[in-house]
Amino acid sequence: MSYENILLKKEDKLSIITINRPESLNALNAKTIQELSTALDELNSDNSCRVIIITGSGEKSFVAGADIKEFSDFGQEKAEELARNGQNSLFNKIENMTKPVIAAVNGFALGGGLELAMACHIRYASENAKLGLPEVTLGLIPGYGGTQRLPKLVGKGIANEMIFSAKMVPAQKAKEIGLVNEVYPIEELLTKTKELATNIAHNSPMAISKAINAVNLSDTDKGFETEIKYFGELFEMEDKKEGVTAFLEKRKPNF
């Protein structure tokens, strides 16, 4: 399928989605959200794809926010519909993918851009990255899951500070508070992200799929029981048989 606002590149077991609207610092509009959702559906059903990387075009911006022009005249009903559709069609979809999604945050990740990165399972950032949720400066709050995901990553106090103040957090500070996993020079970011993705791609896709679901339930009362259930289910699957056999035979598993 061809896309207007994103680029999709497949490399062996990896797939890279690049948001390609450099003239607007890769801001998210309705078309871009729809194309991201479609691409993720395509990759989720592609057995050759094990890991997905999402990044932005250029060296200035991952995603600088939502495209404010699209909703500037909305009323309550249309605004609620915008948030609900965005969460369901893209942000929640990323979080619940059966394959790991890694954000390579190459510059500004503001508003919907930070919400997009937070929906991913892992975040690597460039040294020039700045992350924040500036919605209160518009008289709004985050609408794509920011008030829910940020406290889980950095704690309630820091999340409140970031949301209430609308301050941007530089990359190194973002690492210190747990908002991103690693920080690299911009020219190394995608290479380092692909190295991690390749490492992940060599492991059991079935086990990783179960792990994603279990980790997503880690702050609920279903978490422990789900872990027990998945642990047992995996004993009946081919990946476990191959993994254990490879270990006993002192070779690398072939998943």
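Computed from a prediction, not measured in an experiment: that's the story for all the values here. (Residues numbered from 1 in each chain as written. Predicted model: local features only at pLDDT ≥ 70, side-chain atom pairs only at ≥ 80, totals over all residues. Heavy atoms only, no water.)

Peer 1: Describe the packing of aromatic side chains, with residues and values.
Peer 2: For the structure shown, the criterion picks out 3 aromatic pairs. A ring pair is formed by phenylalanine 91 and tyrosine 144, whose centres lie 4.6 Å apart and whose planes are at 15°; its orientation type is stacked. You can see phenylalanine 91 sitting in helix H2 (residues 76–95) and its partner tyrosine 144 sitting in the loop between strand E8 (130–132) and helix H4 (146–154), a full 53 residues away along the chain. As far as the burial class goes, phenylalanine 91 and tyrosine 144 line up, both buried. Between phenylalanine 231 and phenylalanine 235, the aromatic rings sit 5.1 Å apart at their centres with planes inclined by 65°, giving edge-to-face as the arrangement. Classification of phenylalanine 231 as exposed rests on a relative accessible area of 57%. Judged by its relative accessible area of 40%, phenylalanine 235 is partly exposed. (Phe/Tyr/Trp six-rings, centres within 6.5 Å; stacked < 30°, edge-to-face > 60°. Helix = DSSP H or I, 4+ residues; strand = E, 2+ residues; numbered from the N terminus. Buried < 20%, exposed > 50% of the residue type's maximum accessible area, 1.4 Å probe, protein only.)

Peer 1: Give a description of the side chain of serine 15 that names residues and reports values.
Peer 2: You can see serine 15 is positioned in strand E2 (residues 14–19). Judged by relative accessible area, serine 15 falls into the buried class, the value being 1%. Non-local contacts of serine 15, meaning those with residues more than four positions away in its chain, are made with Leu8, Lys9, Lys10, Leu43, Cys49, Val51, Ile52 and Ile53. (Contact = heavy atoms within 4.5 Å.)

Peer 1: So what's going on with helix H7 (residues 186–201)? Which residues, and what values?
Peer 2: With 16 residues, H7 should cover 22 Å at 1.5 Å per step; its first-to-last C-alpha distance of 23 Å lies within 8% of that length. The complete set of buried residues in H7 reads Leu189, Thr193, Leu196, Ala197, Ile200 and Ala201. Axial view of H7: buried residues confined to an arc of 140°, hence all on one face. (Expected span 1.5 Å × (residues − 1). Arc of directions from axis to C-beta.)

Peer 1: Any details on a negative patch on the surface? Residues and values, ideally.
Peer 2: Side chains of Glu59, Glu127, Glu187 and Glu188 sit close together on the surface and give a patch of like negative charge. Topologically, glutamate 187 is positioned in helix H7. (Patch = residues over 30% accessible without salt bridge, like charges linked within 9 Å, V, L, I, M, F, W, Y side chains within 5 Å. Areas by Shrake-Rupley, 256 points an atom, 1.4 Å probe, with all protein chains shown as cover. Salt bridge = Lys/Arg side-chain N within 4 Å of Asp/Glu carboxyl O. Lys, Arg positive; Asp, Glu negative; His and termini not counted. Charge placed at Lys NZ, Arg CZ, Asp CG, Glu CD.)

Peer 1: Account for the nonpolar core, naming residues and giving values.
Peer 2: Within soluble globular proteins, side chains that are nonpolar tend to cluster in buried spots. By size, the foremost hydrophobic cluster in this structure holds 46 residues, and its most contacted members are Ile54 and Leu179. Discounting residues that sit within four places of it in the chain, isoleucine 54 has contacts with Ile17, Ile19, Phe62, Ile94, Val101, Ile102, Ala103, Ala104, Leu116 and Cys120. (Core = buried A, V, L, I, M, F, W, Y, C linked by side-chain atoms within 4.5 Å.)

Peer 1: Give me the environment of phenylalanine 235: which residues, what numbers.
Peer 2: Residue placement: phenylalanine 235 occurs in the loop between helix H9 (223–234) and helix H10 (238–248). Sequence-wise, phenylalanine 235 and histidine 121 are 114 residues apart; in three dimensions their C-alpha atoms are separated by 25 Å.

Peer 1: Let's hear about the pairing of strand E5 (residues 101–105): which residues, and what values?
Peer 2: A large share of E5 lies buried, amounting to 5 of its 5 residues. Judged by which residues are buried, E5 turns out to be covered on both faces: Val101, Ala103 and Val105 on one side and Ile102 and Ala104 on the other are all buried. Note that strand E3 (residues 51–56) and E5 share 4 bridges and pair parallel. When the bridges of E5 are listed, isoleucine 52 appears paired with valine 101. One ladder, built from 4 bridges, connects E5 with strand E7 (residues 122–126); its direction is parallel. Paired with isoleucine 102 across the two strands is isoleucine 122, which belongs to E7. (Pairing = 2+ DSSP bridges.)

Peer 1: Describe the sheet that holds strand E4 (residues 61–63), listing the residues and the values that go with them.
Peer 2: Spatial strand order, E4-E6-E8-E9: 4 strands in an open sheet with mixed pairing. Only two strands of the sheet have a single partner each, and these edge strands are E4 and strand E9 (169–170). Sheet topology note: the E4/strand E6 (residues 108–110) ladder contains 2 bridges and is parallel. If you follow serine 61 over to E6, its bridge partner there is phenylalanine 108.

Peer 1: Can you explain the pattern of salt bridges? Please cite residues and give values.
Peer 2: Enumeration over the complete set of coordinates arrives at 18 salt bridges. Between glutamate 238 and lysine 241 there is a salt bridge, with its nearest N and O atoms 3.6 Å apart. Placement of the pair is glutamate 238 and lysine 241 together in helix H10, with a separation of 3 residues, close to one helical turn. For lysine 241, a relative accessible area of 40% translates into the label partly exposed.

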